[in-house]
Amino acid sequence: MKKLINAVDDVLTEQLEGFALAHPELNVSLEPFFITRADGATQGEVAVISGGGSGHEPLHGGYVGQGMLAAACPGQIFTSPTPDQMIAAAEASHGGAGVLFLIKNYTGDVLNFETATEMLHMQDIAVQSILIDDDIAVKDSLHTAGRRGVGATVIIEKVVGAAAASGYDLDKCAALARSLNLRSRSMGMALTSCTVPANEKPTFDLKDDEIEIGIGIHGEPGQERVPWQPVDEVVARMTEEILEDAGYSRTVREWDREAGDWLERELVDEPFAEGDQMIALVNGMGATPLSELYGVYRKLAHICKDKNITLARSLVGSYITSLEMQGFSITLVKADNETLTLWDAPVRTPALRWGV
Amino acid sequence: MKPSHCGTRPCARLLCVGGYDVGGYDVADVVISNAQLLVWLERCADAMSEHKPELTDLDAATGDADHGNNMARGFNKVQEVLPAQTGKAPKDIFKAISMVLMSSVGGASGPLYGSFFMQGGMAISNEDGMSLADLQTFLEKGVMAVKKRGRAEAGEKTMIDALEPAAEAVKASISKGDEVSAVLAAMVEAARAGMEHTISLKATKGRASYQGEKSIGHQDPGATSSYYLLHALQETLRETVQETP
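Residues numbered from 1 in each chain as written. Chains lettered and ligands numbered in written order. Predicted model: local features only at pLDDT ≥ 70, side-chain atom pairs only at ≥ 80, totals over all residues.

S.K.: Would you mind going over the interface of chain B and chain A in detail, with residue names and values included?
M.R.: In this assembly, 23 residues from chain B lie in contact with 23 residues from chain A. Contributing elements (two or more residues each) for the side of chain B that touches chain A: α3 (67-81), α4 (90-104), α5 (109-122) and α6 (132-150) of chain B. Among the residues making up the side of chain B that touches chain A, the classes are represented as six nonpolar, 12 polar and five charged. (Contact = placed C-beta atoms within 7 Å. Helix = DSSP H or I, 4+ residues; strand = E, 2+ residues; numbered from the N terminus. Nonpolar A, V, L, I, M, F, W, Y, C, P; charged D, E, K, R; others polar.)

S.K.: Which residues make up the sheet that holds strand β4 (residues 71-77) of chain A, and what are the values?
M.R.: Residue and element names in this part refer to chain A. In space, the six strands of this open sheet follow the order β1-β2-β4-β3-β5-β6, with mixed pairing throughout. Single-partner strands in this sheet number two, and they are β1 (26-30) and β6 (127-132). Strand after strand, the sheet turns through a mean of 20° between neighbouring axes, direction not considered. Inspection of the sheet shows strand β3 (residues 47-54) paired to strand β5 (residues 99-104) by four bridges, in the parallel sense. Its bridge partner lying in β5, Val48 is registered against Leu100. (Pairing = 2+ DSSP bridges. Axes fitted to C-alpha atoms, helices over the stretch in contact; angles between N-to-C directions.)

S.K.: Report on the domain arrangement of chain A, specifying residues and quantitative values.
M.R.: How big an interface is tends to be stated in terms of accessible area lost as the parts join. Residue and element names in this part refer to chain A. Here chain A is described as being made up of domain 1 (8-184 + 246-270 + 337-354) and domain 2 (186-243 + 273-334). On the domain 2 side, the residues contacting the 27 residues of domain 1 number 29 residues. Those elements giving two or more residues to the side of domain 1 that touches domain 2 turn out to be α4 (152-165) and α8 (337-344). Take the side of domain 1 that touches domain 2: its biggest share by element is four residues, from α4. Looking at the side of domain 1 that touches domain 2 residue by residue, the classes come out as 16 nonpolar, five polar and six charged. (Domains from an automatic or database assignment.)

S.K.: So what about the environment of Arg37 of chain A? Which residues, and what values?
M.R.: All names here are of chain A. Following the sequence through the fold, Arg37 ends up in strand β2 (residues 33-37). According to the C-beta neighbour criterion, Arg37 is buried, with 22 such atoms within 10 Å. C-alpha of Arg37 to C-alpha of Pro24: the two residues are 13 residues apart in sequence and 9.3 Å apart in space. For Arg37, the residues in contact, after removing those within four places along its chain, are Leu26, Val64, Gly65 and Ala70. (Buried ≥ 20, exposed ≤ 12 C-beta atoms within 10 Å, placed from the backbone.)

S.K.: Explain the sheet that holds strand β12 (residues 277-284) of chain A to me, using residue names and the numbers behind them.
M.R.: Residues and elements named next belong to chain A. Read from one edge of the open sheet, six strands run β9-β8-β7-β14-β12-β13, paired in mixed fashion. Looking at strand neighbours, the two that pair on one side only are β9 (224-227) and β13 (310-317), the edges of this open sheet. The mean angle between the axes of side-by-side strands here comes to 20°, regardless of whether they run parallel or antiparallel. This element, helix α7 (residues 290-306), spans β12, β13 and β14 (327-334) of the sheet and lies at about 165° to β13.

S.K.: Account for the nonpolar core, with residues named and values stated.
M.R.: Buried together is how nonpolar side chains tend to be arranged in soluble globular proteins. Val48, Ile49, Leu100, Val160 and Cys173 of chain A together with Ala166 of chain B are the most contacted members of the largest nonpolar core, which totals 163 residues. Top contributing element to this core by residue count: α4 of chain A, with 10 residues. Among the domains, domain 1 (8-184 + 246-270 + 337-354) and domain 2 (186-243 + 273-334) of chain A are the pair contributing at least three residues each to this core. (Core = buried A, V, L, I, M, F, W, Y, C linked by C-beta atoms within 7 Å.)

S.K.: Help me get a handle on α7 of chain A, residues and values and all.
M.R.: Residue and element names in this part refer to chain A. With 17 residues, α7 extends 25 Å from end C-alpha to end C-alpha; this agrees with the ideal 24 Å at 1.5 Å per step. Where α7 is concerned, the buried positions are Val296, Tyr297, Lys299 and Leu300. Looking at the buried residues of α7, the elements they touch are α6 (231-244), β12, β13 and β14. Of the residues trailing α7, Asn308 is marked for its positive phi of about 60°. (Expected span 1.5 Å × (residues − 1).)

S.K.: I'd like a rundown of helix α2 (residues 83-93) of chain A, residues and numbers included.
M.R.: In terms of burial, α2 of chain A is a largely internal element, nine of the 11 residues being buried. Along α2 of chain A, the residues classified as buried are Pro83, Asp84, Gln85, Met86, Ile87, Ala88, Ala89, Ala90 and Ser93 of chain A.

S.K.: Explain unusual backbone geometry to me, using residue names and the numbers behind them.
M.R.: In this structure, Pro32 of chain A follows Glu31 of chain A across a cis peptide bond, with omega equal to -5°. The residue Pro32 of chain A is located in the loop between β1 and β2 in this model. Going from Leu59 of chain A to His60 of chain A, the amide bond is cis rather than trans, its omega being -15°. Inspection of the secondary structure assignment puts His60 of chain A in the loop between β3 and β4. Backbone geometry at Asn308 of chain A places phi at a positive 60°, although glycine is not the residue there. Turning to its location among the elements, Asn308 of chain A is positioned in the loop between α7 and β13. With 10 C-beta atoms packed within 10 Å, Asn308 of chain A lands in the exposed category. A positive phi angle, close to 65°, is found at Lys157 of chain B, a residue other than glycine. Residue position: Lys157 of chain B is located in the loop between α6 and α7 (160-175).

S.K.: Any details on the confidence of the model for chain B? Residues and values, ideally.
M.R.: Residues and elements named next belong to chain B. The predicted model of chain B averages 89 in pLDDT, with 87% of residues at 70 or higher. Taken element by element, the predicted model of chain B shows its lowest mean pLDDT in strand β1 (residues 6-10) (42) and its highest in α7 (98). Counting contacts from residues 1-12, a segment whose pLDDT is below 50, to residues more than four positions away or on other chains yields 30 contacts. Across residues 14-23 the pLDDT falls below 50, and counting only partners more than four positions away or on other chains, this stretch makes 34 contacts in the model. (pLDDT = per-residue confidence, 0-100.)

S.K.: A description of the pairing of β1 of chain A should follow, citing residues and the corresponding values.
M.R.: Residue and element names in this part refer to chain A. Sheet topology note: the β1/β2 ladder contains five bridges and is antiparallel. Note that in β2 the partner of Leu30 across the bridge is Phe33. Hairpin geometry of β1 and β2 is characterised by an intervening segment of two residues between the two adjacent antiparallel strands.

S.K.: Tell me about the packing of α4 of chain B against α5 of chain B, and please be specific about residues and values.
M.R.: Residues and elements named next belong to chain B. Running from amino to carboxyl end, α4 crosses α5 at an angle of 170°, the nearest separation of the two axes being 8 Å. Relative to α5, the element α4 is oriented roughly antiparallel. On α5, the residues that touch Pro90, Lys91, Phe94, Lys95, Ile97, Ser98, Leu101 and Met102 of α4 are Gly110, Pro111, Tyr113, Gly114, Phe117, Met118, Gly120, Gly121 and Met122. In the contact of α4 with α5, the residues fall into 10 nonpolar, five polar and two charged. (Parallel < 35°, antiparallel > 145°, perpendicular 65-115°, else oblique.)

As structure tokens, this is what we get:
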């Protein structure tokens, strides 16, 4: 293992210290770990908060700031954060209009955020949570933990963050996040594995001439390992799967503030059709050259044009990574005018910044 | 020191081994003192440190290789707060350590073990130690909490596959009138069998579920840590007995 680190145990603390020094506009708490805006809570604005294991930077800390997240809770590398972090982050960043947790669908994240949700409710802070599960490489919601939360997280955090900034209340923010998730589909692939510092060895083995299609952002197994292929073939396969994926259904647990208990909801993805307009994210997994990501975007755009699907907005770069994994993911989010207006709204964070 | 009711018949209480019990055996008698409870939790920390590499390796096979680190880190923190728990009732001890586990383990295991100790502990009304009836309730309520939090049932290759059979074995053993050491032996044996049974199961919960059929053949790390925690309880009481003159 060769990494730009000192002692393994100090990795997270030191990296967050560096993040804090580079971004004085943010507050970084190290005990427990959470990141908020330095100018404090915005009164009357819903606090959109997310979090998850570290190792996916700039997610989520890099998206804290005006027009996006109110706070982020980084866990240990690839390990979910804990309820005390989430509660401290919520207390520090909420402006009296409630807290919306955006949770990527991983068992650890879900259980920790659910625990925090119950505890915040007991503290009389209005709280809602929405699950993000856009990774279509997982087909089965019945016999697995379900689809994973991946690239759509970036887009949902941006759009819902803008909604909160423009005055949407907690229920409207939650409804928007839920709706966006049902209009989001992603798929990833890897050329190489990644190495968690504490484990000292690659998470999985991939031969020099092999690629893995459908990989998760922690190296969860994909659909298939195949010999290397030209980028156009890989992108075509992934794009077609994304466009054709039909009606994924899952049961999610959402917090019912009236009842003070969890409510199960059956949710089904919205179909994609010709004539739709999309926000497209071509995302690098951490060690992919930006130039190669544009090679991916080229083919994606060609296919979508042929199918009469408009890529109304695009984001190309490394926005939700998997340490030093080489590879990419494609995310498409079906966008109506409300979504595009919120996407274009000003945002000022370490990793996304426009209109300000 | 023998409790005052120790008399002429062989005593069921571990603390009274070598003594004699006049009144016979009552499930409401205290068999785990508050001090022993703290020793148990101390031994849990030792067990998690000792088995850290094994738990990590098991997790590497189907998950993300962090269970050993997470459990060792969490129980290390538990160890730090144990001195402050001296003299507290079981329910308060369990509440304190469940908060520590929830905030320091991370992953899915933090909230699951946190819920287990929190809900299990809250069901113990006894202020001074735990009886066999308390142990039964503790395990039953703890298992219920894990099932609810994790939305899981037995047979999904999780810690429930060790914890639930252990809770059932305790109940069955008590209803047969077994003595304390036999109840604990039944608990640990059931947990061990449940843990080993996970090898044959396909994971349908947690990160291992993405492995599908490939998860078969691997022992579940959560069931394994559960087994070690219960095993530590048996060891704690066994040791205390040996130390009793």
